[in-house]
Structure formats: C-alpha cells, structure tokens
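Chain and residue survey
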Amino acid sequence: MLTGEDKKLIQQVWGKVGGCEEDVGADALWRMFHAYPPTKTYFPHFDLSQGSDQIRGHGKKVVVALGNAIKNLDNLSQALSELSNLHAYNLRVDPFRFPLQFLSQCLQVVLATRLGKEYTPEVHSAVDKFMSAVAAVLAEKYR
Amino acid sequence: MVHWSAEEKQLIASVWAKVNVEECGAEALARLLIVYPWTQRFFDNFGNLSSPTAIIGNPKVRAHGKKVLTSFGEAIKNLDNLKVTYSKLSELHCDKLHVDPENFRLLGDILVIVLAAHFTKDFTPACQATWQKLVGLVAHALAHKYH
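Given the structure is predicted, the values throughout are model-derived calculations rather than measurements. (Residues numbered from 1 in each chain as written. Chains lettered and ligands numbered in written order. Predicted model: local features only at pLDDT ≥ 70, side-chain atom pairs only at ≥ 80, totals over all residues. Heavy atoms only, no water.)

**With respect to the overall build of chain B**
Filter applied, for reference: Per the convention used, a helix needs a DSSP run of H or I reaching at least four residues, while a strand needs a run of E reaching at least two, with both numbered from the N terminus. Computation of the radius of gyration draws on C-alpha atoms alone. For the globule rule, the value is 2.2 Å times the number of residues to the power 0.38. Classification of residues uses two cut-offs on accessible area relative to the type maximum, computed with a 1.4 Å probe and protein chains only: under 20% is buried, over 50% is exposed, and between them is partly exposed. The contact rule is simple, with two residues in contact once any of their heavy atoms fall within 4.5 Å. Methods summary: accessible areas were calculated by the Shrake-Rupley approach with a probe of 1.4 Å, and residue burial reflects only the protein chains presented. The positive count covers Lys and Arg only, the negative count covers Asp and Glu only, and His and the chain ends enter neither. Where a charge lies is defined by one atom per residue type, namely NZ (Lys), CZ (Arg), CG (Asp) and CD (Glu).
Summing up its helical and strand segments, chain B has eight helices and zero strands in all. For 147 residues, the compact-globule estimate of 2.2 N^0.38 gives 15 Å, and chain B sits close to it at 15 Å. In terms of its C-alpha atoms, chain B occupies a principal-axis envelope of roughly 45 × 40 × 20 Å. Among the 147 residues that make up chain B, the fraction classed as buried is 48%. For chain B, restricting intrachain contacts to residue pairs at least 6 apart in sequence, the fraction spanning at least 24 positions comes to 73%. Summed over its atoms, the accessible surface of chain B is roughly 7,500 Å², and 58% of this surface lies on carbon and sulfur atoms. Charged side chains of chain B number 16 positive and 14 negative; the gap between the two group centres comes to 3 Å.

Spelled out as structure tokens, the structure:
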C-alpha cells in the first residue's frame, strides 16, 4: 500500500512536526471536536474547553503514537498492536465510520495550515494513505 | 431546514471572497484524482492522467475543476436552499454520470484541505467547522435526487 516514495514523504512531513507534537495534536483534536461534535461523546470525562490540559495532553499522546508508527512503517500492525487492542476492547471507538476518518481529516488540515504550499498533492496523498493504514490496523481486532 | 448562524455566513463569505475559483477548483479536482486515483474512472476522456504532474497540468482537469467550483459558488449564494439549487445537478450525477455520492464527500474534504493550505493560520478551527458543514450539506444536496 505505502510505496517507498510515500514513506519518504511521510517521514519528511513528520520531521517538520518534531517539537510541536502537543500543538499539532491539540489543534487537531480541538478541530475534530468543533467540526464533528459527535466525536466528543468519547470524552465525557474530559474538560473539552479550548486549550484544556487534557486536550493538550491527549493530543500530544496521539501525535507521539503516530510518530512511533512512522518509525515502523514496514510493520504497522506490530507497532500499533497495543493501541489496536485498546481501541477494540476498551475504547471501542466506532471503527467503520467517522471518528478515525474525522481525526485524519483534521490532522491533515492542521498539517496543511502549517505547511501551506509544501502540503503538495503528493504529500497529501501519502499522509492520507498512511492515516488509512493506521485506521485499518486499529480496527483489526474489533471482531 | 438548515440553520446558518450569522458567524457561519460571515466565515463562508470572507473565505469565498478571497478564493480564486479557477485555481482552487483546478487544485481540488487534481488532488481528488491524485489522492483517490479510482475517481479517475469518471474522466476517461480527459487524456493524460498518468502522474500527479500530468494531472495538475491537464487542461481538461483545470477547466472541469473551475466548472465544479463555480457551481459551488451558487451554493454559497443559496445557503438556505441547497436542495433546490442542486436538484438538476443531482439528477444529472445520478442518471447520466452515475457517480457514487461518496465521491462528493471526498471532494468536499479535499476542498477543505486546499483551503487550509491556502489560508494557513487564517483557516481557524471555526472556519474549518463551518466549511466542513457546508461541504457536507452540498454533498447531501447533490445526493438528494438519487434513486
């Protein structure tokens, strides 16, 4: 699925996120909650006000996990195995529909706002494919 | 009946005023064909779509992208009446073009990303939320007459 060129582009893009994991993650999550309110239903225990410590903390967690996946593009299944279990058995985020797609869209919007023209069609394509692959792995254990 | 707040209408209008319809339309359609290559199935007669460079430079892609986004402009002038505005186009996409409505959602999301890359910091979360709502409703209106 991911070509050699895709992997290179993903690693390059992620290189530009380094050091900003919390900002990028928090921005993506906030946008997701704002644009797709049903996603908030998975966080009833969170303070969901803008800039909250929980959103920042969780955003950072998500982006760091994605960064880890990017270091293991040849073995996403294994790299994300624990997260896959978590999402399937504990969190039970709906795998078929929106939440993972919505997060992907919002993360890409954040990258696009930060990179502008550098978020080229080729980069866009590679990141979209990567996020699809991540979603597929996270959904592997659902049933 | 869809409700648009004054703030939402303002966010739509202020972004749209700065959009170059031809450039933005061409970009959005090109990205659809690049990021989701199976959508090329609808454009067999467009000539060379063999690479991202070919797609971006393809004059038919540019022209069609402009057409699509110009039509989007009509939606913006008729925010309270999207289903009626898109009634004929909906029938066309169903009966003549045979386009799966899922593709409207894909193009809508791509348009939002194109706007984000263009406006960068100015494409705030509130802006994005409003535009995601708009593209979602346009996609819905275009699917409305399917049977």
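There's more to say after this.
**Some words on the UniProt feature "domain: Globin" (unreviewed entry) in chain B**
Rules: UniProt positions are given in the numbering used here, feature names are shortened, and annotations may be inferred rather than shown by experiment.
This chain's UniProt record puts "domain: Globin" (unreviewed entry) on residues 3–147 of chain B. Summarising residues 3–147 of chain B: 71% helix, 0% strand, and an end-to-end C-alpha distance of 26 Å.

**Brief notes about the confidence of the model for chain B**
Which entries qualify depends on this criterion: pLDDT expresses, on a scale from 0 to 100, how confident the predictor is about each individual residue.
The predicted model of chain B averages 95 in pLDDT, with 100% of residues at 70 or higher. Here the predicted complex scores 0.90 on pTM and 0.84 on ipTM.

**Topic: the nonpolar core**
Worth spelling out the cut-off: Put simply, buried Ala, Val, Leu, Ile, Met, Phe, Trp, Tyr and Cys residues joined by side-chain atoms within 4.5 Å make one nonpolar core.
Core analysis: the largest hydrophobic core is formed by 80 residues, its most contacted members being Phe-130 of chain A together with Phe-72, Leu-115, Phe-123, Trp-131 and Leu-134 of chain B. If you tally residues by element for this core, the top one is helix α7 (residues 102–119) of chain B, at 11 residues. Residues within four places of Phe-123 of chain B in sequence aside, it is in contact with Arg-31, Val-109 and Thr-113 of chain A together with Val-112, Leu-115, Ala-116, Gln-128 and Trp-131 of chain B. Among the nonpolar cores identified, the runner-up in size contains 14 residues, and Tyr-36, Phe-46, Leu-103 and Cys-106 of chain A belong to it.

**Brief notes about the interface of chain B and chain A**
In many reports, interface size means the accessible area that the parts give up when they come together. Our working definition: Here's the idea: put two parts together, see how much 1.4 Å probe accessible area each one loses, and the total over both is what we call buried area. Each reported salt bridge corresponds to a side-chain nitrogen of Lys or Arg within 4 Å of a carboxyl oxygen of Asp or Glu. Throughout this description, a polar contact denotes any pair of N or O atoms lying within 3.5 Å of each other; where both atoms belong to protein, one of them has to be capable of donating a hydrogen while the other can accept it, and for residues adjacent in sequence the pair is counted only when both atoms sit in side chains. Under the scheme applied, nonpolar residues are Ala, Val, Leu, Ile, Met, Phe, Trp, Tyr, Cys and Pro; charged residues are Asp, Glu, Lys and Arg; polar residues are all the others, including Gly.
At the interface, 23 residues of chain B touch 22 residues of chain A. With both chains or domains summed, chain B and chain A bury close to 1,800 Å², and 60% of this area falls on carbon and sulfur atoms. Where chain B touches chain A, the interface holds zero salt bridges. The interface formed by chain B and chain A holds nine residue pairs in polar contact (both at pLDDT 80 or more) in total. Secondary structure elements with two or more residues in the side of chain B that touches chain A: α2 (21–35), α3 (52–57), α7 and α8 (125–143) of chain B. Per element, the largest residue contribution to the side of chain B that touches chain A is seven residues, and it comes from α7 of chain B. Partitioning the side of chain B that touches chain A into residue classes produces 14 nonpolar, four polar and five charged.

**A few points about the side chain of Thr-39 of chain A**
Summarising the element assignment, Thr-39 of chain A is placed in the loop between α2 (21–35) and α3 (53–70). Side-chain polar atoms of Thr-39 of chain A contact the backbone oxygen of Met-32 of chain A, separated by 3.4 Å.

**A few points about the environment of Val-64 of chain A**
When you line up the elements, Val-64 of chain A lands in helix α3. Separated by 41 residues in the primary sequence, Val-64 of chain A and Gln-105 of chain A have C-alpha atoms spaced 18 Å apart.

**Some remarks on unusual backbone geometry**
Even without being glycine, Arg-92 of chain A reaches a positive phi, approximately 50°. Positionally, Arg-92 of chain A belongs in the loop between α5 (81–91) and α6 (98–115). With a phi angle near 55°, His-98 of chain B is a residue other than glycine that sits in the positive phi range. Tracing the backbone shows His-98 of chain B in the loop between α6 (87–96) and α7. Since its relative accessible area comes to 54%, His-98 of chain B is described here as exposed.

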